[in-house]
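In case you want the letters, here they are:
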4 protein chains.
Amino acid sequence: MNTLRKRTALLLEGNGEYTKAGHILDIFLITLIMINVIAIVLESIVNLAQTYTYEFLMLEIVSVSIFAIEYGLRLWSCVDRTEYKSMATSNFKRRIKFIFSPLALIDLLAILPTLLMFFIAFDLRFLRVFRLLRVFKLTRYSRAMQLLLQSFRDESSSLMAAFFIMAVVLILASCGIYLIEHDIQPDKFGSIPAAMWWAMATLTTVGYGDVVPVTPLGRFFGGVITLLSMGMVAIPTGLLASSFSEQLRKRRLHFNDAVHERLHNGKLDNEQIEHLETLRIKLGLNKQEANKIIKEQLNARTQYMYCRHCGARQD
Amino acid sequence: MNTLRKRTALLLEGNGEYTKAGHILDIFLITLIMINVIAIVLESIVNLAQTYTYEFLMLEIVSVSIFAIEYGLRLWSCVDRTEYKSMATSNFKRRIKFIFSPLALIDLLAILPTLLMFFIAFDLRFLRVFRLLRVFKLTRYSRAMQLLLQSFRDESSSLMAAFFIMAVVLILASCGIYLIEHDIQPDKFGSIPAAMWWAMATLTTVGYGDVVPVTPLGRFFGGVITLLSMGMVAIPTGLLASSFSEQLRKRRLHFNDAVHERLHNGKLDNEQIEHLETLRIKLGLNKQEANKIIKEQLNARTQYMYCRHCGARQD
Amino acid sequence: MNTLRKRTALLLEGNGEYTKAGHILDIFLITLIMINVIAIVLESIVNLAQTYTYEFLMLEIVSVSIFAIEYGLRLWSCVDRTEYKSMATSNFKRRIKFIFSPLALIDLLAILPTLLMFFIAFDLRFLRVFRLLRVFKLTRYSRAMQLLLQSFRDESSSLMAAFFIMAVVLILASCGIYLIEHDIQPDKFGSIPAAMWWAMATLTTVGYGDVVPVTPLGRFFGGVITLLSMGMVAIPTGLLASSFSEQLRKRRLHFNDAVHERLHNGKLDNEQIEHLETLRIKLGLNKQEANKIIKEQLNARTQYMYCRHCGARQD
Amino acid sequence: MNTLRKRTALLLEGNGEYTKAGHILDIFLITLIMINVIAIVLESIVNLAQTYTYEFLMLEIVSVSIFAIEYGLRLWSCVDRTEYKSMATSNFKRRIKFIFSPLALIDLLAILPTLLMFFIAFDLRFLRVFRLLRVFKLTRYSRAMQLLLQSFRDESSSLMAAFFIMAVVLILASCGIYLIEHDIQPDKFGSIPAAMWWAMATLTTVGYGDVVPVTPLGRFFGGVITLLSMGMVAIPTGLLASSFSEQLRKRRLHFNDAVHERLHNGKLDNEQIEHLETLRIKLGLNKQEANKIIKEQLNARTQYMYCRHCGARQD
């Protein structure tokens, strides 16, 4: 029983040291999630929903069943996952902890709406759309996205500050255009919240054009705001560019250092290669990049007999 | 009396070495400012203003009273602030200097419109909107925003140059479209200033679409300008990205150096940790980042017996 | 015969060590491709197509003949190209390999539609536009573009993740606006796929404005989505900025190292200069840049008698 | 006479070692140029042009006279400018060379239209707008802008490649939308060049919305193109961000090295400070930045007795 649980854990966890079966399972689940999302989107077209009512229902029942089984298996086997195994508590507490982890909550949310619809008499229409949250289940499978989200978290204080500047400019812009234009276009700039619709579309450079100032003064003010919009867009872009650059540098440096250490005697044995491979996946570097770093390090070993910085002999 | 003043200064100053009470006060004031801003925005909706006249008035009176008290206390206690204490002048001159500091001016601006409305018979409507400048009071509380604004100041000459390029392109674009289209659409491109409205919306990629060229030549010229708009947007974004990157690097390097120095004997004592904490807040680094740097430095101490650059033995 | 084939290969290959004749041939072919693309674009204007039917046909026949001859020569001479010469297989296998290389496929695609039109009775109109794929023939001639595409490939996993985030936000945005507005504007937000048109235009900051929310709640939701659009645009820009920065750094470092090695005795002989030149073209560095690096290295040689890092004497 | 010419040259040249009078003259000329540009823009408003005909004419005459005198003085004194003085040719050849330098050509262009209008009977209206080229005269005065333009030149091959990718995508996008929509909206997508108007507005994220696809397939294709637009905008932004970053780093490194060299004995004498000041202006670094670098270098001198890299003693 325990061996089966362990195997299930390994099959479902599969981060880094994929077993082949786990890989196939992942691809199957990703495909299923995507089909679900597409189906829910298409179901909103009245014609299609009426013609294929039965097919949509069948897909939903089958999908939810599979997702429910998946959730059950994850809940059952989670106690054998590496991150929980090390905790010195009972299996029950481990499972409680697992249930409230972000990824498990997403899994629960993916099946809950439909389960509710079956067991409780409830307004179907409203809940149906919530099934779309199923799309978040894909988060689990993308290493690169997790690293991307990491960048957002690293820069959170700067991004909050950028958001705050945006909010201040937004308030002043809508207040200004309200003062200038609310007498001429009372239907469009009748209040500051109404004027915010224009200010938002302008400051983000979306520029719908359904609401625009028409007086010369309003257009002058609007022109100033369009100029400010360039700054507004530049701030988050600049922050993320800087953050991505920093992250990339750090991860490569990290891998580089790891290779440097392991290359001490000039060669990599199998165990070391496996260790580097795990690190590579954790850092989200692609194979070519890792190869290049290792090759460079090997070259550095053989090419430079003397320190590239001070000319001292290198042993 | 003096002790009370000193405590008030510490309570209100609260930069870095927050006392708990100061922290609560800050949160209270931030909340109050936000409520005020939202109230002023909502007050511009005629329905709401008529229904809740009394409530809006009460909120205004209470808020201005609190802000006035805050301003008074800041003015009174400013002589005990660290940056003024070191100045070898009378308390009066310190207070004069404080009154004309940017943050104090903002504080004054936040209460002035309402005070004027109460004491002088004046046009209410116009001033009411100026109360929105209260939003700037929030500047005081965001370290990250001050660092963001620092980037703008650092790049001011480059941004001015970018702005100048923008102005030149703007003038030439509106001049060109005016020449091409002012005969066909005299209501839209009747003069160069009128044509600027189109040029501005295009060059900032806002693109309202309320004014567009219609002749083939005008559209060809417009197409060239849309292409230029990509460059126009790219310049400030690129400048800020480069500047943020540089700032981040510098601040981390600064912290890194500070840690390096203090780690000379391999450990950090309490006083050193407190010093680093103050520096961390001043530099706007988050705790994780600081931790990472310290950990890296500690690793560097223990991991590398030999210089990573020239292989020389490290003591 | 073999000498002729070798010469043809050298003439057509011309990557790095351009012969003068090869250079002229390249310019001729680039010009021809451009004339072709312009002609195909202009041919879509009904007036022009009717007036100049004969001229367009002549240009097409002449161009396709030249491109066919070019393709034939490339196919014939490919066995003498440096990258194929080293392969230890028969000429036939080399040619098969060449046919399925991306650039050769593009060359084939450029002549195929017209050839089909002549030899098989087929719907002319539809194929005519496919001749535009001819524009891809230009890929061969731009080193910088190949390096640009390299950046996209290097960041492919991050860009895929960015695309995935975009897709998730897109689905949620269109789903949200569908829920809010599909009763009020059934013609515009009648289904989630229809709502995607608005969501796409908004999230990419294009903002056509042909479809916009009109209810207060819809506008509030729309405002939130416009704010998110800034993040959506910032991610790929940030990724590419970071990637370009990294690539530039790497290529210059690579060249720098190559110069450093070759400058060991303080001078560059002719052979070394030629080697560096080939490397420079391969790395896509311009001449000025290369010059600057060499000059800096020479200066480093003469200026710094002591290591800039540790002060040790440099031989 | 020669002394006067030398003084005039110094007065007009004024790059770096500004004399006070030269500085005032610069400000006067900048103001005059700006007034001119504003006047020409305002003159396009029919009402204003008719009311203030005389004033506009007077301003034009006065301005052109001043610019003509300026041009004459520059031409006369150019032989004493540092960059021409070193040339071993006659004054005449120096002046010829000066006349064809970009800045001198701009100066000539600024006065030519009006001169032509006075001396030759010519169509006035058309030439009047060309006086706007006068705005380019400002180029001379902005160091930062010259550095910005340098970035464009450095990245010219990459930007050309980006432009080429843009052109290819543009052609394919307009070709695609033409195929899909030209039957349904023949007035808007009637030919590929017409469809380019939509493709251009979309790919640059301007998005006027005057021309949009209406069929489901057209909207799907349009959605794909809006997604591509993010990449199109990201490429030049990324390139410039990377280039600015590189330039900034290089210039600071350059200044840093210069300071490092001059600080060899731990102090800066007056001559060295002046030399660094000239370099600072040439590199376009602001004073604070330069100060920081010098301070850091001084700190590095006193703080680190041991190499920060390998712990070796530093003399």
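Sequence positions are assigned chain by chain, starting from 1 and proceeding in written order. Ligands are numbered from 1 and chains lettered from A, in the order in which they are written. Only residues with pLDDT of at least 70 are given local features in this predicted model, and only at 80 or more are side-chain atom pairs given and counted; all residues enter the totals for whole chains, interfaces and linings. Water and hydrogen atoms play no part in the side-chain values, which are based on all heavy atoms of the structure.

### A look at the interface of chain C and chain D
Inference 1: Residues are treated as being in contact if the distance between any of their heavy atoms lies within 4.5 Å. Contacts between the two partners involve 47 residues from chain C and, on the opposite side, 53 residues from chain D.
Inference 2: Each of two parts loses accessible area, computed with a 1.4 Å probe, when they are put together; buried area is these two losses added. Around 4300 Å² of area is buried between chain C and chain D when both sides are counted, 70% of it from carbon and sulfur atoms.
Inference 3: We count a salt bridge whenever a side-chain nitrogen from Lys or Arg sits within 4 Å of a carboxyl oxygen from Asp or Glu. Run the count over chain C and chain D and you get one salt bridge.
Inference 4: Of the charged contacts in the structure, one is a salt bridge between D:Arg219 and C:Asp210, with a shortest N-O distance of 3.5 Å.
Inference 5: Pairs of N or O atoms are called polar contacts if they sit within 3.5 Å, as long as, within protein, a hydrogen donor faces a hydrogen acceptor (for residues adjacent in sequence, only side-chain-to-side-chain pairs). Our count for the chain C to chain D interface comes out at three residue pairs in polar contact (both at pLDDT 80 or more).
Inference 6: By definition, any uninterrupted DSSP run of H or I lasting at least four residues is a helix, any uninterrupted run of E lasting at least two residues is a strand, and each is numbered from the N terminus. Only helix 2 (20-43), helix 8 (124-130), helix 9 (143-154), helix 10 (156-181), helix 11 (192-203), helix 12 (216-262) and helix 14 (287-303) of chain C provide two or more residues apiece to the side of chain C that touches chain D.
Inference 7: Top contributing element to the side of chain C that touches chain D by residue count: helix 12 of chain C, with ten residues.
Inference 8: The residue makeup of the side of chain C that touches chain D, split by class, is 31 nonpolar, eleven polar and five charged. By the convention adopted, Pro, Cys, Tyr, Trp, Phe, Met, Ile, Leu, Val and Ala count as nonpolar, Lys, Arg, Asp and Glu as charged, and the other residues, Gly among them, as polar.

### Things to note about the relation of the copies chain A and chain C
Inference 1: Least-squares fitting of one copy onto the other uses the C-alpha atoms of those residues that reach a pLDDT of at least 70 in both copies. Under the fitted operation, chain A is carried onto chain C by 0.0 Å of movement along the axis and a turn of 90 degrees, and the coordinates agree to an RMSD of 0.1 Å. Accordingly, the operation relating the two chain copies is best matched by a four-fold axis.
Inference 2: With a heterologous cut-off of 20% or less, the 17% of interface residues of chain A that recur at the interface of chain C puts this contact in the heterologous class.

### Digging into the relation of the copies chain C and chain D
Inference 1: Mapping chain C onto chain D calls for a screw motion: a turn of 90 degrees about the axis and a shift of 0.0 Å along it, with 0.0 Å RMSD after fitting.
Inference 2: A share of only 17% of the interface residues of chain C reappears at the interface of chain D, consistent with the copies meeting through non-equivalent patches.

### Concerning the interface of chain A and chain C
Accessible area lost on assembly of the parts is the figure often given for the size of an interface.
Inference 1: With 47 residues of chain A in contact, the opposing surface of chain C contributes 53 residues.
Inference 2: Interface of chain A and chain C: buried area, both sides summed, is about 4300 Å²; carbon and sulfur atoms make up 70% of it.
Inference 3: For the pair chain A and chain C, the interface holds four residue pairs in polar contact (both at pLDDT 80 or more).
Inference 4: Broken down by secondary-structure element, the contributors of at least two residues to the side of chain A that touches chain C are helix 2 (20-43), helix 8 (124-130), helix 9 (143-154), helix 10 (156-181), helix 11 (192-203), helix 12 (216-262) and helix 14 (287-303) of chain A.
Inference 5: Take the side of chain A that touches chain C: its biggest share by element is ten residues, from helix 12 of chain A.

### Some remarks on the domain arrangement of chain A
Residues and elements named next belong to chain A.
Inference 1: Taken as a whole, chain A is organised into domain 1 (2-141) and domain 2 (142-315).
Inference 2: Taken together, the contact pairs six residues of domain 1 with five residues of domain 2.
Inference 3: A buried area of about 430 Å², summed over both sides, lies between domain 1 and domain 2, and 50% of it is on carbon and sulfur atoms.
Inference 4: Put simply, domain 1 and domain 2 have zero salt bridges between them. Source of the domain bounds: an automatic or database domain assignment.

### Here's the deal with unusual backbone geometry
All names here are of chain B.
Inference 1: Backbone geometry places Thr 205, a non-glycine residue, at a positive phi of 60 degrees.
Inference 2: Structurally, Thr 205 can be placed in the loop between helix 11 (192-203) and helix 12 (216-262).
Inference 3: Whether a residue is buried, partly exposed or exposed follows from its accessible area with a 1.4 Å probe, protein chains only, as a fraction of its type maximum: under 20%, in between, or over 50%, in that order. A relative accessible area of 5% places Thr 205 in the buried class.

### Remarks on a nonpolar patch on the surface
Residues and elements named next belong to chain A.
Inference 1: Patches were defined on residues exceeding 30% relative accessible area and lacking a salt bridge, with like-charge contacts within 9 Å and nonpolar side-chain contacts (Val, Leu, Ile, Met, Phe, Trp, Tyr) within 5 Å. The method behind every accessible area is Shrake-Rupley, applied with a 1.4 Å probe, and residues are considered shielded solely by the protein chains displayed. Residues Tyr 54, Leu 57, Met 58, Ile 61, Val 62, Leu 112, Leu 116, Phe 118, Phe 119 and Ile 120 make up a contiguous nonpolar surface patch of roughly 970 Å² in combined accessible area.
Inference 2: The set of elements that each furnish at least two residues to the nonpolar patch consists of helix 4 (53-77) and helix 7 (102-119).
Inference 3: Among the elements that take part in the nonpolar patch, helix 4 stands out by supplying five residues, more than any other.
Inference 4: If you trace the backbone, Leu 112 turns up in helix 7.

### Observations regarding helix 11 of chain B
Inference 1: Helix length check: helix 11 of chain B (twelve residues) gives 15 Å between terminal C-alpha atoms against 16 Å at 1.5 Å per residue, within 8%.
Inference 2: With respect to burial, helix 11 of chain B is a largely interior element, ten of its twelve residues being buried.
Inference 3: Among all positions of helix 11 of chain B, only B:Ile192, B:Ala195, B:Met196, B:Trp197, B:Trp198, B:Ala199, B:Met200, B:Ala201, B:Thr202 and B:Leu203 are buried.
Inference 4: Buried positions along helix 11 of chain B lie against helix 12 of chain A, helix 10 (156-181) and helix 12 of chain B together with helix 2 (20-43) of chain D.
Inference 5: Residue B:Thr205 follows helix 11 of chain B closely and has a positive phi angle near 60 degrees. Expected helix span is given by 1.5 Å per residue-to-residue step, counting one fewer step than there are residues.

### Description of the packing of aromatic side chains
Residues and elements named next belong to chain B.
Inference 1: Any two rings among Phe, Tyr and Trp, with Trp reduced to its six-membered ring, count as a pair given centres within 6.5 Å; such a pair is stacked if its planes are under 30 degrees apart, edge-to-face if over 60, and tilted if neither. Applying the stated rule across the entire model yields eight aromatic pairs over all chains.
Inference 2: Between Phe 189 and Trp 198, the aromatic rings sit 6.2 Å apart at their centres with planes inclined by 80 degrees, giving edge-to-face as the arrangement. Neither residue differs from the other here; Phe 189 and Trp 198 are each classed as buried.
Inference 3: Between Trp 197 and Tyr 208 the ring centres are 5.4 Å apart and the planes differ by 15 degrees, which places this aromatic pair in the stacked class. Note that Trp 197 is positioned in helix 11 and Tyr 208 in the loop between helix 11 and helix 12, a separation of eleven residues in sequence. Like Tyr 208, Trp 197 is buried.

### Let's talk about the side chain of C:Glu246
Inference 1: Secondary-structure assignment places C:Glu246 in helix 12.
Inference 2: Judged by its relative accessible area of 9%, C:Glu246 falls in the buried class.
Inference 3: When near neighbours in sequence (up to four residues on either side) are disregarded, C:Glu246 contacts A:Leu248 and A:Arg252.

### Points about helix 2 of chain D
Inference 1: Over its 24 residues, helix 2 of chain D runs 35 Å from end to end, which matches the ideal 34 Å to within 8%, given 1.5 Å per residue.
Inference 2: Buried within helix 2 of chain D we find D:Gly22, D:Asp26, D:Leu29, D:Leu32, D:Ile33, D:Asn36, D:Val37, D:Ala39, D:Ile40, D:Val41 and D:Glu43.

### Concerning the side chain of B:Thr114
All names here are of chain B.
Inference 1: Within the secondary structure, Thr 114 is located in helix 7 (residues 102-119).
Inference 2: Separated by 2.7 Å, the side chains of Thr 114 and Glu 60 make a polar contact.
Inference 3: A distance of 3.4 Å separates polar atoms of two side chains, one belonging to Thr 114 and the other to Arg 134.
Inference 4: With sequence-adjacent residues up to four places away left out, Thr 114 is seen in contact with Glu 60, Val 64, Arg 131 and Arg 134.

### Concerning the pattern of salt bridges
Inference 1: In the structure shown here, the tally under the stated rule is 32 salt bridges over all chains.
Inference 2: Close ionic contact of A:Arg131 with A:Glu43 constitutes a salt bridge, the shortest N to O distance being 3.1 Å. Linking A:Arg131 in the loop between helix 8 and helix 9 with A:Glu43 in helix 2, this pair joins segments that are 88 residues apart in sequence.
Inference 3: Using a relative accessible area of 16% as the deciding quantity, one classes A:Glu43 as buried.
Inference 4: B:Lys137 serves as the salt-bridge partner of B:Glu70, at 2.9 Å between the closest nitrogen and oxygen. Separated by 67 residues along the polypeptide, B:Glu70 in helix 4 (residues 53-77) and B:Lys137 in the loop between helix 8 (124-130) and helix 9 (143-154) bring together distant segments of the chain. In this pair, the class of B:Glu70 matches that of B:Lys137, namely buried.

### Notes on the packing of helix 2 of chain A against helix 4 of chain A
Residue and element names in this part refer to chain A.
Inference 1: Contact geometry of helix 2 with helix 4 gives a least axis separation of 11 Å together with a crossing angle of 140 degrees. Here helix 2 is positioned oblique relative to helix 4, judged by the angle of their axes. Between helix 2 and helix 4 lies a crossing whose hand is left-handed. Contacts between helix 2 and helix 4 involve Phe 28, Leu 29, Leu 32, Ile 33, Ile 35, Asn 36, Ala 39, Leu 42 and Glu 43 on the former and, on the latter, Phe 56, Leu 59, Glu 60, Ser 63, Ile 66, Phe 67, Glu 70 and Arg 74.
Inference 2: For the contact of helix 2 with helix 4, a count of residues per class yields eleven nonpolar, two polar and four charged. In this analysis, axes come from line fits to C-alpha atoms, helices being fitted only over the stretch in contact, and the angle between any two N-to-C directions falls in the range 0 to 180 degrees. Under this scheme an angle from 65 to 115 degrees is roughly perpendicular, one under 35 degrees roughly parallel, and one over 145 degrees roughly antiparallel; angles in between are oblique. Working rule for handedness: look at the near helix, and if it is turned counterclockwise from the far one by less than a right angle, call the crossing left-handed; if clockwise, right-handed.

### A short note on the confidence of the model for chain A
Residues and elements named next belong to chain A.
Inference 1: Taken over all residues, the pLDDT of chain A has a mean of 81, while the share at 70 or more is 89%.
Inference 2: pLDDT is defined as a per-residue confidence score from the predictor, taking values between 0 and 100. When pLDDT is averaged over each helix and strand of chain A, the minimum, 67, is found for helix 8 and the maximum, 92, for helix 11.
Inference 3: Scored by ipTM, the complex comes to 0.83, with pTM at 0.85.

### As for the environment of D:Glu277
All names here are of chain D.
Inference 1: On the secondary structure map, Glu 277 appears in helix 13 (residues 270-283).
Inference 2: According to the relative accessible area criterion, Glu 277 is partly exposed, its value standing at 32%.
Inference 3: Sequence separation of Glu 277 and Leu 263 is 14 residues, and the distance between their C-alpha atoms is 14 Å.

### So, the packing of helix 1 (residues 2-13) of chain C against helix 4 (residues 53-77) of chain C
All names here are of chain C.
Inference 1: At a closest axis distance of 9 Å, the pairing of helix 1 and helix 4 adopts a crossing angle of 120 degrees. Comparing the axis directions of helix 1 and helix 4 gives the class oblique. Judged by the sense of rotation from one axis to the other, the crossing of helix 1 with helix 4 is left-handed. Along its contact with helix 1, which presents Leu 4, Arg 5, Thr 8, Ala 9 and Leu 12, the element helix 4 presents Leu 73, Arg 74, Trp 76 and Ser 77.

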